[in-house]
Amino acid sequence: MRIVVALGGNAMTATDGSSSPDDQRAAIEEAAGHIATLVAAGHEVVVTHGNGPQVGNILLKNELSAHLLTPVSLDWCGAQTQGTIGFTLMNALERRLAAVGTPRPVATLVSRTLVDPDDPAFDAPTKAVGPYNDAEHAARMVEQGQSWRDEGAKGWRRLVPSPEPREIVDAPAVEALVGQGFLVVSSGGGGIPVVASAAGGYEGIEAVIDKDLTATLLSRQVGADLLVIATDVEHAVLRWGTPEARPIGEVDAATMRRHIEAGEFGVGSMLPKVDAVTRFVEGGGPRAVVTSLPSIARAVEGGTGTIVVPSA
Ligand SMILES: Nc1ncnc2c1ncn2[C@@H]1O[C@H](COP(=O)(O)OP(=O)(O)O)[C@@H](O)[C@H]1O
Ligand SMILES: NC(=O)OP(=O)(O)O
């Protein structure tokens, strides 16, 4: 089976959300072990990943050093996260693939995602990035023109525009590398957002694309049999956080769409994941799963996770 695995921020930071380089390396090493299990079971895997904590950290470093260095744009920050996360994933994946007896070359693509420059998302930032902070800090930043949102117990977080992904520009390169036997890491952080350039080709635009939505498009464009979104919970849950909470197992796309419309899932957390897997199946994909990272191998076999299948 050809499987696209999307790694959430939780798969790349410590359990307390800390994103120091050591924490990221340790979390990525663990994620790589689970992905290697899928390859050892005979599957062809394409990996994509989030970058919310990392891209926001780079943005913040830029601002803090603006008196010394000219800040770079958000699309450049996104490209940088593909480099560091992809580099760390390559080292870990090659090690783990060898350890399970299925050595493979791994390639990370610096990869672009086409967006519409007139997407209304450019005027209404929704994507939370970087570290959490308190309400006072958020209020100061809002005075300076930034957007921030109260994310609950963890605090406030900066928001940046997050347009809808339209096309994985570099999907043909993914295909070519997969055809040559590479395990490919592509479209990290939702892909570097680009628009058509008046000079021909593409140019970057300042945004951070939702990696779950990009994973849907990537899965479609590379003809995946299965999309797996790996996060920190084994199932999407109905009536989340209430005494009547009930995990969703296998569900058809029309039923899941109704749950989405009923507002069952956290905006900015579980909602984009269930939306992404449902979109993949609504668009003709055979099956898609949301589950926890350690459960991905079992979920691929149908043994756990929230599994979305086509409606009858
Ligand atoms: N209905 C729901 N079912 C399950 N988890 C939910 C639901 N609504 C919100 N969540 C939250 O979504 C989180 C996963 O989203 P998020 O933290 O953004 O993941 P990641 O960083 O792995 O992409 C879970 O840890 C849980 O706290
Ligand atoms: N780009 C993106 O969606 O990143 P996270 O999944 O880390 O928020």
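Residues numbered from 1 in each chain as written. Chains lettered and ligands numbered in written order. Predicted model: local features only at pLDDT ≥ 70, side-chain atom pairs only at ≥ 80, totals over all residues. Heavy atoms only, no water.

Looking up the chain in an unreviewed UniProt entry gives the name Carbamate kinase, with the organism given as Ornithinimicrobium kibberense. UniProt, in its Sequence similarities (unreviewed entry) section for the chain, records the words "Belongs to the carbamate kinase family." (UniProt positions renumbered as here; feature names shortened; annotations may be inferred.)

(A) Spotlight on the packing of aromatic side chains. If you walk through the whole model with that rule in mind, you get zero aromatic pairs. Directly above the ring of Tyr132 sits Arg157, whose terminal nitrogen or CZ lies 5.0 Å from the centroid. (Phe/Tyr/Trp six-rings, centres within 6.5 Å; stacked < 30°, edge-to-face > 60°. Lys NZ or Arg CZ within 6 Å of the ring centre and 35° of its normal.)

(B) Focus on the site of ligand 2. Around ligand 2 sit Gly50, Asn51, Gly52, Pro53, Lys127, Gly189, Val208, Ile209, Asp210 and Lys211, and that is every residue in its neighbourhood. With respect to ligand 2, the backbone of Gly52 contributes an N or O atom lying 2.8 Å from an oxygen atom. The separation between a nitrogen atom of ligand 2 and a polar main-chain atom of Ile209 is 3.0 Å. Here ligand 2 has 260 Å² of accessible area as a free molecule, and 90% of this is covered by the chains. (Near = heavy atom within 4 Å. Polar contact = N/O pair within 3.5 Å; in protein donor to acceptor, adjacent residues only side chain to side chain. Areas by Shrake-Rupley, 256 points an atom, 1.4 Å probe, with all protein chains shown as cover.)

(C) Summary view of the packing of helix α1 (residues 21-40) against helix α3 (residues 74-99). Viewed as axis vectors pointing N to C, α1 and α3 meet at an angle of 50°, and their least axial separation amounts to 8 Å. The angle between α1 and α3 places the two elements in the oblique class. With respect to the hand of their crossing, α1 and α3 are arranged in right-handed fashion. Note on element contacts: α3 touches α1 through Ile85, Thr88, Leu89, Ala92, Leu93, Arg95, Arg96 and Leu97, opposite Arg25, Ile28, Glu29, Ala32, Gly33, Ile35, Ala36 and Val39. (Axes fitted to C-alpha atoms, helices over the stretch in contact; angles between N-to-C directions. Helix = DSSP H or I, 4+ residues; strand = E, 2+ residues; numbered from the N terminus. Parallel < 35°, antiparallel > 145°, perpendicular 65-115°, else oblique. Left-handed = near helix turned anticlockwise from the far one by under 90°. Contact = heavy atoms within 4.5 Å.)

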